[in-house]
Each structure stands twice: as structure tokens, then as C-alpha cells.
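Remarks on the overall topology
Now for the letters of each chain:
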Amino acid sequence: AAGVIQSPRHLIKEKRETATLKCYPIPRHDTVYWYQQGPGQDPQFLISFYEKMQSDKGSIPDRFSAQQFSDYHSELNMSSLELGDSALYFCASSLGRGASYEQYFGPGTRLTVT
Amino acid sequence: AQTVTQSQPEMSVQEAETVTLSCTYDTSESNYYLFWYKQPPSRQMILVIRQEAYKQQNATENRFSVNFQKAAKSFSLKISDSQLGDTAMYFCAFMNTGNQFYFGTGTSLTVIP
């Protein structure tokens, strides 16, 4: 069965650079969630989209922005990168919005900021 | 604000034995969902089990079951007949009606052969 695809899987950037992470949800899933997991930490919810509109917002820094496109894939744009942005970024998708719909997680993108 | 607390940073269990991981949460809402996720060394996040707060019956998935105590705001995970493949980080998570998702700090479980 198709799973959530994230690209790239690994990314190395320097401070103050910009990064774009991509997430391709499972076909027919209309909801996408983004999470950030720092080293040895629990995942933190960043933002979610439902039907191409921003749905809920968590602890996403102002330097980050995200959107969901017409084909339901989503991109997380990160500007003015800081060392503290080094983390594993997960994307998850679900068939609908809300906790009654299971979230399926992608493999994550490991971002390293040097 | 919602918080999820896992008071056991690390646990170990002998293969084939039973282990219980603890989780408490704090919320003022009456309807919400609780989850246990497993994150093996591959870092893939895998849903183990989930519980809807309005359901009194404890959820069960094969060797995994929960003890949901709504009044005490407790949501523990019991793993029976532990297997080597159960070695992973386990996160308790909470989702409210506002679709905000909160993870606990995790419990690292090691199954000893």
C-alpha cells in the first residue's frame, strides 16, 4: 500500500539559509500535519492543512511557512535557518480532519543546520 | 493547556514478559482522543493503539491493551508477551477537539532476550 512520502530524506544547510521540505500524502488523504522532533525530544506539532487550507497551528516559528497544493501535497518552507532547527521533520496524512481519522506518518526528513 | 506526562524515561522487560508504560495527561475538555505511538530505531512513527475518551471500554490490539482511567486522567499501555521487535521509544499522545496534537516525552523500552 502507498505510504506518505517525504523528500528529501536528508538535508544539510548552513545558518541563515532556506530549506523546503515536501510531503506527499497517501492518495485520497486530504489532511496533512507537520511535526518537528529535536534530538532526544518528543515530536512537536507545527501546523496542519485540510482541503488545501490551513487548519490548525501549533508551535511553528514565524520563520517557517507551509502550504498545501491542489494535488494535496504540502511544503514546509524554512527561512533564516538556525542551529536549533536541526531536527527530524515528520509529515502525517489522514483521510479527514480530526482525531477520529488515523494519522499515517512519513519516514521524516532529517535536517541538519551547520 | 494540554500536557502529556510520561514519568518513565526508560524501561526494560524480559522477552515474553508483560510490561506497563504509564501516561498521564491534563485537560479540561471532556471529549478527546489518546494514542500510543511506537518509534523504533528507524525513527518511523507507528500507531500502536488509540482510545476515544467517551468510550469506557479499554482499547485492545493483539498484545497491546490500555488501561484508561478518565477520572484520574491516566492512560497506560500494557504489552503482553513482549517481543524483541517491541524495543522502541513509546510516545503517549493526546488530541483535542481543536485538532491540536500533543506528545509526551517518551519511554524508551528495551526487550531483553
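The preceding data block contains the structure.
Here's what I pulled together on the structure shown here. (Residues numbered from 1 in each chain as written. Chains lettered and ligands numbered in written order. Predicted model: local features only at pLDDT ≥ 70, side-chain atom pairs only at ≥ 80, totals over all residues. Heavy atoms only, no water.)

Some words on the pattern of salt bridges
Taken as a whole, this structure holds 7 salt bridges over all chains when the rule is applied. Through salt bridges with shared partners, one network takes in Arg 63, Glu 82 and Asp 85 of chain A. (Salt bridge = Lys/Arg side-chain N within 4 Å of Asp/Glu carboxyl O.)

Digging into the packing of aromatic side chains
Inspection of every chain in the model, using the stated rule, returns 22 aromatic pairs over all chains. Consider the rings of Phe 35 of chain B and Tyr 37 of chain B, whose centres lie 6.0 Å apart with planes at 35 degrees: the pair is tilted. Take Phe 35 of chain B: its relative accessible area is 3%, and that puts it in the buried class. Judged by relative accessible area, which is 1%, Tyr 37 of chain B ranks as buried. With a centroid separation of 6.1 Å and 70 degrees between ring planes, the pair formed by Tyr 37 of chain B and Phe 101 of chain B is classed as edge-to-face. Within this pair, whereas Tyr 37 of chain B is found in strand β5 (residues 32-39), its partner Phe 101 of chain B is found in strand β11 (residues 101-103), the two being separated by 64 residues in sequence. One aromatic cluster is present, built from ring pairs that chain together Tyr 33, Tyr 35, Phe 45, Phe 90 and Phe 105 of chain A together with Tyr 33, Phe 35, Tyr 37, Phe 91, Phe 101 and Phe 103 of chain B. (Phe/Tyr/Trp six-rings, centres within 6.5 Å; stacked < 30°, edge-to-face > 60°. Buried < 20%, exposed > 50% of the residue type's maximum accessible area, 1.4 Å probe, protein only. Helix = DSSP H or I, 4+ residues; strand = E, 2+ residues; numbered from the N terminus.)

Let's talk about the state of the cysteines
Within this structure, the stated rule accounts for 2 disulfides over all chains. A sulfur-sulfur separation of 1.7 Å characterises the disulfide bridge that pairs Cys 23 of chain A with Cys 91 of chain A. In this structure the cystine formed by Cys 23 of chain A and Cys 91 of chain A twists about its S-S bond by roughly -50 degrees; its chirality is therefore left-handed. Taken together, the residues span a long stretch of sequence, with Cys 23 of chain A in strand β3 (residues 19-24) and Cys 91 of chain A in strand β9 (residues 87-94) at a distance of 68 residues. Cys 91 of chain A matches Cys 23 of chain A in its accessibility class, with the two residues each being buried. One disulfide in the model links Cys 23 of chain B with Cys 92 of chain B; its S-S distance is 2.0 Å. Classification of the bridge connecting Cys 23 of chain B and Cys 92 of chain B rests on its S-S torsion, roughly -70 degrees, and on that basis the disulfide is left-handed. On the criterion of sequence distance, the pair formed by Cys 23 of chain B in the loop between β3 (19-21) and β4 (24-26) and Cys 92 of chain B in strand β10 (residues 88-96) is long-range, its members being 69 residues apart. When sorted by exposure, Cys 23 of chain B lands in the same class as Cys 92 of chain B, which is buried. (Disulfide = S-S within 2.5 Å.)

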